[in-house]
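# Structural description and commentary
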Amino acid sequence: MIQYIEQILPALLSGTKMTLSIFFWTLIVSIPLGALVGMGLISKFKPLVWLLNLYVWLMRGTPLLLQLIFVFYGLPILGIIFERYDAAIFAFILNYTAYFGEIFRGGFQSVPRGQFESARVLRLSYGQTIRKIIIPQVFKIVLPSIGNEVINLVKDSSLVYVIGLGDLLRAGNVATARDVTLIPLILVGIIYLALTAVCTIVLKIIEKRSNVWQ
Amino acid sequence: MLEIKNLTKKFGTKTVIDDLSMTVKDNEIMAIVGPSGAGKTTLLRCITGLEHVNSGEFFWNGTKFDPAETDQKNTIIGVVFQDYQLFPNLTVMGNITLAPTLVKKEPLSKVTTDARELLKRLGLEGKESLYPYQLSGGQKQRVAIVRALAMSPKILCYDEPTSALDPALRDEVAEIILSLKKQEMTQIVVTHDMDFAQNVADEIKRVEQID
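Residues numbered from 1 in each chain as written. Chains lettered and ligands numbered in written order. Predicted model: local features only at pLDDT ≥ 70, side-chain atom pairs only at ≥ 80, totals over all residues.

### What to know about the overall build of chain A
Looking only at helices and strands, chain A features eight helices and zero strands. Reading chain A from its N terminus to its C terminus gives the helix and strand order α-α-α-α-α-α-α-α. When the backbone C-alpha atoms are referred to their principal axes, chain A occupies close to 70 × 45 × 20 Å. With 214 residues in all, chain A has 30% of them scored as buried. Considering only contacts within chain A whose residues lie at least 6 apart along the sequence, 76% involve residues at least 24 apart. (Helix = DSSP H or I, 4+ residues; strand = E, 2+ residues; numbered from the N terminus. Buried ≥ 20, exposed ≤ 12 C-beta atoms within 10 Å, placed from the backbone. Contact = placed C-beta atoms within 7 Å.)

### Concerning the overall build of chain B
Per the secondary structure count, chain B includes six helices and nine strands. Expected size for 211 residues packed as a compact globule is a radius of gyration near 17 Å; at 17 Å, chain B falls within 12% of this value. Projected onto its principal axes, the C-alpha coordinates of chain B cover approximately 50 × 40 × 30 Å. Buried residues in chain B amount to 39% of all 211 residues. Pairs at least 24 apart in sequence give 69% of the contacts found in chain B among residues at least 6 apart. (Rg over C-alpha atoms; globule rule 2.2 N^0.38 Å.)

### Some details on the sheet that holds strand β4 (residues 55–60) of chain B
Residue and element names in this part refer to chain B. What the four strands build is an open sheet, ordered β2-β1-β4-β5; its pairing is antiparallel. Two strands in the sheet have a free side with no partner beyond their single neighbour: β2 (14–24) and β5 (63–65). Geometrically, the sheet is characterised by an average inter-axis angle of 30 degrees between neighbouring strands, direction not taken into account. The sheet contact formed by strand β1 (residues 2–11) and β2 spans seven bridges and is antiparallel. (Pairing = 2+ DSSP bridges. Axes fitted to C-alpha atoms, helices over the stretch in contact; angles between N-to-C directions.)

### Description of the domain arrangement of chain B
All names here are of chain B. Each assigned domain of chain B is listed with its residue range as follows: domain 1 (1–76 + 153–211) and domain 2 (88–151). Computed from C-alpha atoms alone, the centre-to-centre distance between domain 1 and domain 2 is 23 Å. Listed by partner, the interface residues are ten residues for domain 1 and nine residues for domain 2. The greatest single-element share of the side of domain 1 that touches domain 2, amounting to four residues, is contributed by helix α5 (residues 167–182). (Domains from an automatic or database assignment.)

### Focus on the pairing of strand β8 (residues 186–191) of chain B
Residues and elements named next belong to chain B. The buried count for β8 comes to six of six residues, which makes it a mostly enclosed element. Here β8 shows a buried face lined by T186, I188 and V190 and a second buried face lined by Q187, V189 and T191. Bridging between strand β3 (residues 29–33) and β8 involves five bridges; their strand directions are parallel. Across the sheet, A31 pairs through a bridge with V189, a residue of β8. Of the strand pairs in this sheet, strand β7 (residues 155–159) and β8 are connected by five bridges, and their pairing is parallel. Note on β8: the bridge partner recorded for L156 is Q187.

### Quick word on the nonpolar core
If you look at soluble globular proteins, the nonpolar side chains tend to sit buried side by side. By size, the foremost hydrophobic cluster in this structure holds 98 residues, and its most contacted members are A31, C157 and V189 of chain B. Per-element tally for this core: the top contributor is helix α4 (residues 84–109) of chain A, with ten residues. (Core = buried A, V, L, I, M, F, W, Y, C linked by C-beta atoms within 7 Å.)

### Notes on the pairing of β4 of chain B
All names here are of chain B. Where β1 and β4 come together, five bridges link them in antiparallel fashion. In the sheet register, T8 faces β4, and the bridge partner there is S55. Here β4 pairs with β5 via three bridges, running antiparallel. Its bridge partner lying in β5, F58 is registered against F65. Hairpin connection, β4 to β5: the antiparallel pair is bridged by two residues, and N61 has positive phi, about 50 degrees.

Given below as structure tokens:
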């Protein structure tokens, strides 16, 4: 059995690389974008709010799987062609930005108005207020919800296998179908558990650090 | 000297302040008193530029200024809020040095030295690296006072400085306000506490509800 595991492990690890690459790119882009969307959602400029609400509704109201299929198989009909990997990243960023946007909107709204006023009478500019006062507070407020989405993203990334990308789940599935054994699927489960465990620990550390103030 | 001429403030159709004029003399303490709902806090919010006025003019030593103008370099008005509104994510020192370094571009070393001096004067020595949640209400208020003073305002305004404090601390605030007066700070205190107002104020301005 050890020998078999050694034999399929390279394929699984290469699949893990794909899973991680989707995971990181989605997070790196959609967290900052989500913060911007969150600010947009509380803007006084109503057309922007409507537009962003429509976007959030579309992204949260339809399955991520549909969005993936739409981007990769649907858009080429309109002449917009993505590589598999780009299609996956694009769909994931669009989807996760919507979720993060909603989380950040809630975060911005829970910072008391008085904090803005206090910064204002100290003559801080809007940008300085956002950077030095509001963002750190919002970050602390949204951290647990963001953590949830991060864990979800590890597992959601397995959806890319529908557009033929070789991620971790696909690697395990291929091995199981070929060798008629449960071992690859169990290994896949263990690797996902390890990934989410790492995320959980990292999130705990960040949360602990942010607890120096209350 | 701060002069306010013909100030009117409406919320929708409701007039809260109607054609109010007043003068705050240098080094004096003006108390604004009146029942709740009379527009005391609104008046203070107009003076501090947090509310736009419907009409009226503000003069500092004869020169007209707009308190709501956000990018003025020289701060005329400093504010201590009723609930202090310290920044919870910054230490005591961070709260105090943030605006002078960012807005006035003063060097951090100078701002820090000045801040230590002020903290010491208000009995907050050794609290520099604490976060607001680690302070008592009275200490938070004093940090808020130091934070406002660090911008060297010409006038320091307080919104209900005694409302969140127990009676013993009330006298302490009065002492602080009077000691700042000795250092030639002009101050405006909004309060519903008549005893407190009579204790500290050189002049008392009464505001009444407008029907």
